[in-house]
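So you can see what is in the structure, the chains are spelled out below.
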Amino acid sequence: MTSSVTVPQLSAGTWAIDPAHSTVGFTVRHLMVSKVRGRFQAFTGTVTIDENGAPSIDAEIDVTSITTDNAQRDGHLKTADFFEVEKFPTATFRSTSVQAKGDDFVLTGDFTLHGVTKSIDLNVEFNGVNAGMGNGPVAGFEATTTINRKDFGISIDMPLEGGGAVVGDKIALLLEIEAGLQA
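## Some remarks on the pattern of salt bridges
Counting across every chain of the model gives four salt bridges. Between R39 and D69 there is a salt bridge, and its shortest N-O distance comes to 3.6 Å. Pair noted here: R39 is in strand β4 (residues 34-40) and D69 is in the loop between β7 (66-67) and α1 (71-77), with a separation of 30 residues, a long-range link. In this structure, the salt-bridge partner of D58 is R94, at a minimum N-O distance of 3.4 Å. One end of the pair, D58, is in strand β6 (residues 55-62); the other, R94, is in strand β8 (residues 90-101), with 36 residues separating them in the sequence. Of the residues examined, D58 reaches a relative accessible area of 32% and is grouped as partly exposed. A relative accessible area of 37% places R94 in the partly exposed class.

## Digging into the nonpolar core
Ranked by size, the top nonpolar core spans 45 residues in total, and within it F40, F83, F111, L113, L122 and I147 carry the most contacts. Considering every element that reaches this core, the biggest residue donor is strand β12 (residues 167-181), with six residues.

## A closer look at the environment of H114
Within the secondary structure, H114 sits in the loop between β9 (104-113) and β10 (116-130). According to the relative accessible area criterion, H114 is buried, its value standing at 11%. Contacts of H114, omitting those with residues within four sequence positions, involve F82, F83, E84, F88, F152, G153 and I154. Polar side-chain contacts of H114 include one of 3.3 Å to the backbone oxygen of F82.

## Details of the packing of aromatic side chains
What the rule picks out here adds up to four aromatic pairs. Taken together, a centroid distance of 6.2 Å and an interplanar angle of 80° make the contact between F40 and F83 edge-to-face. Of this pair, F40 sits in strand β4 while F83 is found in the loop between α1 and β8, placing the two residues 43 residues apart along the sequence. Both residues of the pair, F40 and F83, belong to the buried class. Their ring planes at 70° and their centres at 5.5 Å tell us that F111 and F152 sit as a pair that is edge-to-face. Of this pair, F111 sits in strand β9 while F152 sits in the loop between β11 (138-148) and β12; the two residues are 41 residues apart in sequence, bridging distant segments of the chain. Judged on exposure class, the residue F111 and its partner F152 are both buried. Taken together, the ring pairs connect F26, F40 and F83 into an aromatic cluster.

## Some remarks on the pairing of strand β3 (residues 23-30)
The sheet contact formed by β3 and β12 spans seven bridges and is antiparallel. What sits directly across from V24, in β12, is L175. Judged from the seven bridges that link them, β3 and β4 form a sheet pairing that is antiparallel. Residue pairing across strands places T27 opposite R37, the latter belonging to β4. Between β3 and β4, which follow one another and run antiparallel, lie three residues, and L31 among them has a positive phi close to 55°.

## Comments concerning the confidence of the model for the chain
Reading predicted coordinates in detail is not appropriate for stretches of low pLDDT. Here the chain averages 92 in pLDDT, and 96% of its residues register 70 or above. Confidence scores differ between elements of the chain, with strand β1 (residues 2-3) showing the lowest mean pLDDT of 48 and β7 the highest of 98.

Conventions adopted
Residues numbered from 1 in each chain as written. Predicted model: local features only at pLDDT ≥ 70, side-chain atom pairs only at ≥ 80, totals over all residues. Heavy atoms only, no water. Salt bridge = Lys/Arg side-chain N within 4 Å of Asp/Glu carboxyl O. Helix = DSSP H or I, 4+ residues; strand = E, 2+ residues; numbered from the N terminus. Buried < 20%, exposed > 50% of the residue type's maximum accessible area, 1.4 Å probe, protein only. Core = buried A, V, L, I, M, F, W, Y, C linked by side-chain atoms within 4.5 Å. Contact = heavy atoms within 4.5 Å. Polar contact = N/O pair within 3.5 Å; in protein donor to acceptor, adjacent residues only side chain to side chain. Phe/Tyr/Trp six-rings, centres within 6.5 Å; stacked < 30°, edge-to-face > 60°. Pairing = 2+ DSSP bridges. pLDDT = per-residue confidence, 0-100.

What follows is the structure, given as structure tokens:
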């Protein structure tokens, strides 16, 4: 991984994502006039800081854990029309570089979804480090990006009679991450 930045407040070592205090969510346009929000309830990941302060990130999302708080829609999202979770139960992210962008960062990596791997850029805000609550230090991050579902082979077409589509092509991803330094 190439990295031209360090995150000086993060100690060297492995920081594990705490799923109880993190969210992997998304937003997609519905009927061209509103947005549906959803999230994945099961995911794991690490932020590894080498001795020189350079970060690398690895994460895995259990796509079968998708929820939009609507059981019928969630069931449809798991079918071959969308995520095809029986064939593609996980999505992964592996960082390839981190660049400074003002006070924030751009995290580039290989994102695999629905069996397709593409390079994506995440805009990352580092929220700092806190001593934690007796289990060691924790760090916080917020990351955002927009992907096109069709780039990942999710190409269901549900056109509306008056134009447009039931489901938009652009998916906004929002990750709110808390990670703890492992002993």
